[in-house]
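Examination of the molecular architecture
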Amino acid sequence: MSFVPGQPVTAVVQRIEIQKLREGENLILGFSIGGGIDQDPGQNPFSEDKSDKGIYVTRITPGGPAEVAGLRIGDKIMQVNGWDMTMVTHDQARKKLTKKREDVVRLLITRKSLEEAVKHSKGSHPRQ
Amino acid sequence: MDNESQYSGYSYKSSHSRSSRKHRWVRRLKRRSTYSDDNWGETTTVVTGTSEHSISNEDLTRVTKDLEESTPLECKRFIGPALGGCLSFFALITPLAFLILPQVLWRDALKPCGTPCEGLYVSLAFKLLVLLISSWALFLRPPRATLPRFFVFRCLLMVLVFLFVASYWLFYGVRVLEPKEEDYRGIVEYAASLVDALLFIQYLALVLLEVRHLQPAFCLKVVRSTDGASKFYNVGHLSIQRAAVWVLDRYYNDFSVYNPAVVNLPKSILSKKMTGFKVYSLDENTTNNSTGQSRAMIAAAARRRDNSHNEYYYEEAEMERRIRKRKARLVVAVEEAFTHIKRLHEDEAAASPKHPREVMDPREAAQAIFAPMARAMQKYLRTTRQQAFHSMESILTHLQFCITHNMTPKAFLERYLTPGPTMQYQQQSGRGRQWTLVSEDPVISGLRQGLVFSLRRLDFSLVVTVTPLPFLRLGEEFIDPKSHKFVMRLQSETSV
């Protein structure tokens, strides 16, 4: 999940679609994010590379829409509805996730276990 | 102010009304409304139906002011210092008398006293010299004010000095003069002890009269009753009368001069309300209920829409515009006038004999350049209602002063563009100014919180309110210079 500046980022991503839950006036997704290019990356407990300034999922409300859709704690969000999340400020990320007119958000997330799973499956099932 | 000298060749208008009003109070000429009449000194005044022998209130106060200022020299002013002077002279002479009297009266019987006495003589002489010099420095000053009541500390000190000296004389008379004491050294020591006591009394006087009131303890708010000009001062512990003198000292420097012409809203704005209503009573029995009529008028006037604030606003704006215009003209006129003359240096005079220029002294130079700016100056002073403070003569004197000291036109105009402190307009008369201290508490009591007293002059008064200065509790916080450290902001976590 680290990147070399100037080189394209490659990652194995999972697509997750979350339906927003309406609670009174608010549409909630049921998780908390942390990180951003204006934050201190050294304090991120979930990132492998402590200079990674991406957006990470820090908390999931149990039973909320995010958990139901398959989001896990520690996931790094790469895209939200097509908007890039690897080089945004914390506030921009929040805004992209909490647009009032959108009822559903489609995230591309990546996590370490995904890579392992792909490597594993590649190893055991070599492509022909 | 009475000079009506004609400056030849220049055509500004001189007239009667320029001279001081105190000689003209018999004939009172009514002028048109103050806003439109801006020709100072022109004879276009209108005599109205009021009689020629009426006196206005302003003239009356001026007359009484002059009367009171021309009273003969008051002796009351000098009694206090004279008494103090006599007492201190007596006190200074006493030790010398103590020493000299035995020598004069029974010289032969005295025991000779050698070196110790000479030592005492020297110390006595020096102490007396110090007493003399410090008395001169501290107490021999002309008094600045006469207070309505006794100055408590000064009286206390004079009584103390008197008691001391009297008791020393008593003792001296009983113990030394009567039995013709022979121990001269004892007498010299006695005189030295008196001088020591006098030095200590002088120290007490210094502390009580000069030092005690230096540490600030109260805040005085001084407000002038006519136009609301106010200032805050910090004073120490003083009695009310001393505080009043202190405030008046500062008043002459800090407050702009009181101009009776700039006080209230003009009547044309305020008095539009009550006019325009006539009350007819339709009752058969015509009882004269005037209260009913006036009540009806007041009610009707209250219901009418009140636009006087509007008029006031526009009047103020117009006034300001007019003042600015006149000021611009004045500044330009003065600048141009100043370019007409220049200072002649000695080498220039010798170097150009073929162009003999007329050499003038400052007075003539001032008169020469006054004429072009005279009209602009008149108009400006009239618009800002300062014409009562500056006579033609005083302007010329000021111009002469400025030319002599190489001042620029702006420096010359500084005196007229802003109303200066009252001190600037004082004529140096020896009579002094009469102020009345109005107070509910006895004036020798000290200042304390919530006290209010006022200082009244003929046409205005200063109201003084006393509040104690707050007690300050100063705490301490030590910051280690190494403790200034910074980190990046913590990861903020937002729930979505």
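Owing to the predicted nature of the structure, the values given are computational and were not obtained by experimental measurement. (Residues numbered from 1 in each chain as written. Chains lettered and ligands numbered in written order. Predicted model: local features only at pLDDT ≥ 70, side-chain atom pairs only at ≥ 80, totals over all residues. Heavy atoms only, no water.)

Summing up its helical and strand segments, chain A has three helices and eight strands in all. For chain A, the N- to C-terminal ordering of α and β elements is β-β-β-β-β-α-β-β-α-β-α. Considering only intrachain contacts with a sequence separation of at least 6, the fraction spanning at least 24 residues in chain A is 67%. Surface summary for chain A: the accessible area is close to 7,800 Å², and the carbon and sulfur share equals 50%. (Helix = DSSP H or I, 4+ residues; strand = E, 2+ residues; numbered from the N terminus. Contact = heavy atoms within 4.5 Å. Areas by Shrake-Rupley, 256 points an atom, 1.4 Å probe, with all protein chains shown as cover.)

Along the backbone of chain B there are 13 helices and six strands. Residues classed as buried in chain B amount to 28% of the 496 residues present. Counting every atom, chain B has about 33,300 Å² of accessible surface; 58% of that belongs to carbon and sulfur. (Buried < 20%, exposed > 50% of the residue type's maximum accessible area, 1.4 Å probe, protein only.)

This part takes up the side chain of Asn44 of chain A. Residues and elements named next belong to chain A. The topology assignment puts Asn44 in the loop between strand 4 (31–35) and strand 5 (55–60). For Asn44, a relative accessible area of 3% corresponds to the buried category. Side-chain polar atoms of Asn44 contact the backbone nitrogen of Phe46, separated by 3.1 Å. When sequence neighbours within four positions are dropped, the list of residues in contact with Asn44 reads Lys50 and Tyr56. (Polar contact = N/O pair within 3.5 Å; in protein donor to acceptor, adjacent residues only side chain to side chain.)

We now examine the packing of helix 2 (residues 76–105) of chain B against helix 4 (residues 152–177) of chain B. Residue and element names in this part refer to chain B. Two elements in contact, helix 2 and helix 4, have axes whose closest approach is 10 Å; the angle formed by their N-to-C orientations is 15°. Looking at the two axes, helix 2 sits roughly parallel to helix 4. In the packing of helix 2 onto helix 4, the handedness of the crossing is left-handed. Here Leu83, Gly84, Leu87, Phe90, Ala91, Thr94, Ala97, Phe98, Leu101, Pro102 and Leu105 of helix 2 come into contact with helix 4, specifically with Met158, Val161, Phe162, Val165, Tyr168, Trp169, Tyr172 and Leu177. Looking at the contact of helix 2 with helix 4 residue by residue, the class counts come to 17 nonpolar, two polar and no charged. (Axes fitted to C-alpha atoms, helices over the stretch in contact; angles between N-to-C directions. Parallel < 35°, antiparallel > 145°, perpendicular 65-115°, else oblique. Left-handed = near helix turned anticlockwise from the far one by under 90°. Nonpolar A, V, L, I, M, F, W, Y, C, P; charged D, E, K, R; others polar.)

Bringing the layout of surface pockets into the picture now. All names here are of chain B. In this structure, the second largest pocket occupies an estimated 1,800 Å³ of space. Pro81, Phe139, Phe151, Arg154 and Leu209 are the residues nearest the centre of the second largest pocket, which is lined by 48 residues in total. Listing elements by their share of the lining of the second largest pocket, those giving two or more residues are helix 2, helix 3 (115–139), helix 4, helix 5 (184–211) and helix 6 (240–254). Ranked by the residues each element gives to the lining of the second largest pocket, the list is headed by helix 2, at 13 residues. Two domains each put at least three residues into the lining of the second largest pocket: domain 1 (75–213) and domain 2 (218–257 + 436–468). (1 Å grid on protein atoms, 1.4 Å probe; cavity = no way out; pocket = protein on both sides within 12 Å on 5 of 7 lines; lining within 4 Å. Points joined across faces, edges and corners; volume = space filled by probe spheres on them. Domains from an automatic or database assignment.)

This next bit is on the nonpolar core. Residues and elements named next belong to chain B. Core analysis: the largest hydrophobic core is formed by 33 residues, its most contacted members being Phe98 and Tyr184. Elements with a contribution of two residues or more to this core: helix 2, helix 3, helix 4 and helix 5. Filtering out sequence-adjacent residues up to four positions away, Phe98 remains in contact with Tyr168, Trp169, Tyr172, Ile187, Tyr190, Ala191 and Leu194. Leu220, Val235, Leu238 and Tyr258 belong to the second largest nonpolar core, which has 26 residues in total. (Core = buried A, V, L, I, M, F, W, Y, C linked by side-chain atoms within 4.5 Å.)

Residues and elements named next belong to chain B. Evaluation of the coordinates by the stated rule reveals one disulfide over all chains. Each disulfide pairs two cysteine sulfurs, and for Cys113 the partner residue is Cys117, the sulfurs being separated by 1.6 Å. Taking the sign of the torsion about the S-S bond as the criterion, the disulfide between Cys113 and Cys117, at about 140°, is right-handed. Judged by relative accessible area, Cys113 falls into the partly exposed class, the value being 23%. (Disulfide = S-S within 2.5 Å.)

Turning to the UniProt feature "transmembrane region" (unreviewed entry) in chain B, a few remarks are in order. Residue and element names in this part refer to chain B. Those residues carrying the UniProt feature "transmembrane region" (unreviewed entry) are residues 78–100, 120–139, 151–171 and 191–211 in this numbering. Taken end to end, residues 78–100 comprises 100% helix and 0% strand; its first and last C-alpha atoms sit 32 Å apart. End C-alpha to end C-alpha, residues 191–211 measures 29 Å, and it is 100% helix and 0% strand. (UniProt positions renumbered as here; feature names shortened; annotations may be inferred.)

Here the structure, examined in full by the defined rule, presents 15 salt bridges over all chains. As a salt-bridge pair, Arg111 of chain A and Asp75 of chain A come within 2.6 Å of each other at their nearest N and O atoms. With Arg111 of chain A in the loop between strand 8 (104–110) and helix 3 (112–124) and Asp75 of chain A in the loop between helix 1 (65–69) and strand 6 (76–80), this pair connects stretches of sequence that are 36 residues apart. Given the relative accessible area of 15%, Arg111 of chain A is considered buried. Where Arg448 of chain B meets Asp441 of chain B, a salt bridge forms, and the shortest distance between an N and an O atom there is 2.8 Å. Classification of Arg448 of chain B by relative accessible area gives partly exposed; the value is 43%. Taken together, the shared-partner salt bridges in this structure form one network comprising Asp91, Arg94 and Lys95 of chain A. (Salt bridge = Lys/Arg side-chain N within 4 Å of Asp/Glu carboxyl O.)

For the rest of this paragraph, the subject is the packing of aromatic side chains. The way to describe two aromatic rings as a pair is by their centre distance and the angle between their planes. Residue and element names in this part refer to chain B. Summed over all chains, the structure comprises 20 aromatic pairs over all chains. Measuring from centroid to centroid gives 5.9 Å for Tyr233 and Trp246, while their planes differ by 75°, and the two rings are edge-to-face. Placement of Tyr233 in strand 2 (residues 230–235) and of Trp246 in helix 6 is noted, with a sequence separation of 13 residues between them. Overall, Tyr233 belongs to the buried group, its relative accessible area being 7%. (Phe/Tyr/Trp six-rings, centres within 6.5 Å; stacked < 30°, edge-to-face > 60°.)

Counting residues at the interface gives nine residues for chain B and 18 residues for chain A. Roughly 1,200 Å² of surface becomes buried between chain B and chain A when both sides are summed, with 49% attributable to carbon and sulfur atoms. Taken together, the links from chain B to chain A amount to one salt bridge. In this structure, the connection of chain B to chain A is made through six residue pairs in polar contact (both at pLDDT 80 or more). Of the pairings in the sheet, the one linking strand 4 of chain A to strand 6 (residues 493–495) of chain B comprises three bridges and is antiparallel in character. Residue pairing across strands places Gly34 of chain A opposite Glu493 of chain B, the latter belonging to strand 6 of chain B. (Buried area = accessible area lost by both parts, 1.4 Å probe. Pairing = 2+ DSSP bridges.)

Turning our eyes to something else, we now look at the sheet that holds strand 1 (residues 218–224) of chain B. Residues and elements named next belong to chain B. Taken together, the five strands give an open sheet; going across it, the order is 2-1-5-4-3, and neighbouring strands pair in antiparallel fashion. Strands with a single pairing partner mark the edges of an open sheet, and in this sheet they are strand 2 and strand 3 (436–439). Each neighbouring strand pair of the sheet contributes to a mean axis angle of 25°, computed without reference to strand direction. The pairing of strand 4 (residues 452–456) with strand 5 (residues 461–468) spans five bridges and is antiparallel. By the bridge assignment, Arg456 is partnered in strand 5 with Ser461.

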